[in-house]
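Each chain, written out:
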Amino acid sequence: MSRFQRLLVTGLLLVALPPSAAQASQLATASRGGTGLARLPAGQVVERVTIRSNRQQQYAAFLPSRYSTDQAWPVLVVLDPRGRALLPLDRVREVADRLGYIVLSSWNSRSDEPEDHNADAINAILDDADRLLSIDPHRIYLVGQSGTARGSWIFGYSLRGNVAGIIGYGAGTPRDFPLESPRPGVPAGPDFFGAAGIDDYNFDEMWALDARLDSLGVRHHIGWFDGIHAWPGAADLAEAVEWMHLQAMRRGLLAADRPWIDALYRSRLGDAAMMRAAGASYRAWRRFRAIETDFAGLHDIAAATEHRRELERQPGVFQAERHLGELVRQQEAFNRKLGEVLGD
């Protein structure tokens, strides 16, 4: 029997059964399984795995090339809104292999359908992973786009303590989702890495979410990429997994790797400096500001702070920030009015 709480579907509400004392004890112990190694070879994509506990559920799988049962491995549970398991898996495969993440990508996940399919998909994938693989039960990451990104907030908070992070593209939280500030003595909710294409119709929603998470003190990173309402490319997905890897070190879920942190910091700083040199002052300013937040307490951020302050002295930077903020507020007002007209 899987150690993970099962997500239940009641109408449109997804909740989780509270764990018993015995289950809570089991959840604190890392899996040391391995009976599935014969059909899940390391370093290769297995296009279709049928889940033993629910044979209607299938997923594509990738185990890092150095996978073994000698340690517990983090897991990326990927939910494409149309069940195209290989599309996002192919884009996240390189970073997963490099950093050591198992990738399990559902063929059954869906978005914008009358019946929810994603709770069953997550339940089945986690059950199979727990039985077959050596997984870290405290480092599960949900990866979604559009509606599956939105639903991941419910799943992530239902499985807090197991789900360490959510990577979501093109959608924010469900309506009226009860986000809360971190509190002493209460298990932290998942960290969040989000992004939207600059031509995504949900760009304004992601912008507003960034400000909301800032106000609550929820650890997050929200960025933008050149594109529409879709998955980003491999480089953007790699940035998301790298950010989660960094936050796992912050949380104490992973030992701090100082050379790796230093290399990542220098890479991010170099990217932002290139933006600045190309004249993209506003984007560079946001990038330097994000570097400060992402690396604070893990690396000396003086260089990023200096760049950010220099750019703040350019009047065009704050003009751009105010202009985009006003456009987002206008779009939100329009969306509210449209909802009232349509009775939504």
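Just so it is clear, the model here is predicted, and its values are computed rather than measured.

What counts, and at which threshold
- Residues numbered from 1 in each chain as written.
- Predicted model: local features only at pLDDT ≥ 70, side-chain atom pairs only at ≥ 80, totals over all residues.
- Heavy atoms only, no water.
- Helix = DSSP H or I, 4+ residues; strand = E, 2+ residues; numbered from the N terminus.
- Buried < 20%, exposed > 50% of the residue type's maximum accessible area, 1.4 Å probe, protein only.
- Contact = heavy atoms within 4.5 Å.
- Areas by Shrake-Rupley, 256 points an atom, 1.4 Å probe, with all protein chains shown as cover.
- Phe/Tyr/Trp six-rings, centres within 6.5 Å; stacked < 30°, edge-to-face > 60°.
- Lys NZ or Arg CZ within 6 Å of the ring centre and 35° of its normal.
- Pairing = 2+ DSSP bridges.
- Axes fitted to C-alpha atoms, helices over the stretch in contact; angles between N-to-C directions.
- Right-handed = clockwise from strand over helix to strand, strands pointing away.
- Parallel < 35°, antiparallel > 145°, perpendicular 65-115°, else oblique.
- Left-handed = near helix turned anticlockwise from the far one by under 90°.
- Nonpolar A, V, L, I, M, F, W, Y, C, P; charged D, E, K, R; others polar.
- Salt bridge = Lys/Arg side-chain N within 4 Å of Asp/Glu carboxyl O.

Caption draft 1: Quick look at the overall build of the protein. The helix and strand tally for the protein stands at 10 helices and 10 strands. Across the 344 residues that make up the protein, the buried fraction comes to 50%. Relative to all contacts within the protein whose residues are 6 or more apart in sequence, the contacts with residues 24 or more apart total 72%. Working note: accessible area of the protein is about 15800 Å², and carbon and sulfur atoms make up 53% of it.

Caption draft 2: Representation of the packing of aromatic side chains in the model. All chains considered together, the criterion is met by 14 aromatic pairs. Chaining the aromatic ring pairs together yields one cluster made of Trp153, Tyr157, Phe177 and Phe192. For the cation-ring pair, Arg48 lies above Trp107, with the distance from its terminal atom to the ring centre recorded as 3.8 Å. Of note, Arg286 hangs over the ring of Trp207, and the distance from its end group to the ring centre comes to 5.0 Å.

Caption draft 3: Examining the sheet that holds strand β8 (residues 163-169) more closely. On the basis of which strands lie adjacent, the open sheet formed by 8 strands has the order β3-β4-β6-β5-β7-β8-β9-β10 and mixed pairing. In this open sheet, the two edge strands, each paired with only one partner strand, are β3 (45-50) and β10 (220-225). Across this sheet, the average inter-strand angle for adjacent strands is 20°, counted without regard to direction. Strand direction decides the pairing type here: strand β7 (residues 135-145) and β8, joined by 6 bridges, are parallel. Bridging from a neighbouring strand, Tyr141 pairs with Gly165 of β8. Relative to the sheet, helix α4 (residues 147-158) contacts β5 (73-79), β7, β8 and β9 (191-197), its axis offset from that of β7 by approximately 150°.

Caption draft 4: The pairing of β9, seen in detail. Within β9, 7 of the 7 residues are buried, which leaves it mostly tucked inside the rest of the structure. Residues of β9 alternate between two faces, with Asp191, Phe193, Ala195 and Gly197 on one and Phe192, Gly194 and Ala196 on the opposite face, all of them buried. Relative to β9, β8 runs parallel, the two being bridged by 5 bridges. Considered in β9, the bridge of Ile166 is made with Phe192. In the sheet, β9 pairs with β10 via 6 bridges, with the strands oriented parallel. Within β10, the position partnered with Ala195 by the bridge is Gly223. Considered for its hand, the β-α-β crossover made up of β9, helix α5 (residues 203-216) and β10 is right-handed.

Caption draft 5: Geometry of the packing of helix α7 (residues 258-277) against helix α9 (residues 302-312). α9 packs onto α7 with a crossing angle of 20° between their chain directions and a minimal axis gap of 11 Å. It follows from the interaxial angle that α7 and α9 lie roughly parallel. Here α7 and α9 pass one another in a crossing that is left-handed. Facing Tyr265, Leu269 and Arg276 of α7, the residues of α9 in contact are Ala302, Ala303, Ala304, His307, Glu310 and Leu311. Considered class by class, the residues forming the contact of α7 with α9 number 6 nonpolar, 1 polar and 2 charged.

Caption draft 6: Layout of the environment of Phe177. Checked against the element boundaries, Phe177 lands in the loop between β8 and β9. With a relative accessible area of 10%, Phe177 lands in the buried category. Put simply, Phe177 and Ile154 are 23 residues apart on the chain and 8.1 Å apart in space, counted from C-alpha to C-alpha. Leave out the neighbours within four places in its chain, and Phe177 touches Trp153, Ile154, Tyr157 and Arg212.

Caption draft 7: Representation of unusual backbone geometry within the structure. Even without a glycine there, the phi angle at Ser146 is positive, about 60°. In this fold, Ser146 is placed in the loop between β7 and α4. Non-glycine residue Asp176 carries a positive phi angle of around 60°. By secondary structure assignment, the location of Asp176 is in the loop between β8 and β9. Looking at Asp176, the relative accessible area reads 72%, which means it is exposed.

Caption draft 8: Structural view of the pairing of β7. For β7, the tally of buried residues reaches 10 of 11 residues, placing the bulk of the element in the interior. In this sheet, β7 lies alongside β5 in parallel orientation, the contact comprising 6 bridges. Residue pairing across strands places Val75 opposite Ile140, the latter belonging to β7. Taken together, β7, α4 and β8 form a β-α-β motif whose crossover is right-handed.

Caption draft 9: Examining the pattern of salt bridges more closely. If you walk through the whole model with that rule in mind, you get 16 salt bridges. Between Arg98 and Glu242 there is a salt bridge, with the nearest N and O atoms lying 3.0 Å from each other. With Arg98 in helix α2 (residues 86-99) and Glu242 in helix α6 (residues 234-251), this residue pair connects regions lying 144 residues apart in the sequence. Take Glu242: its relative accessible area is 10%, and that puts it in the buried class. With a closest N to O distance of 2.7 Å, Glu292 and Arg308 form a salt bridge. Highlighted residues: Glu292 in helix α8 (residues 281-295) and Arg308 in helix α9, separated in sequence by 16 residues. For the pair shown, Glu292 and Arg308 are each scored as buried. Overlapping salt bridges bring together Glu94, Arg98, Glu242 and Arg268 as one network.

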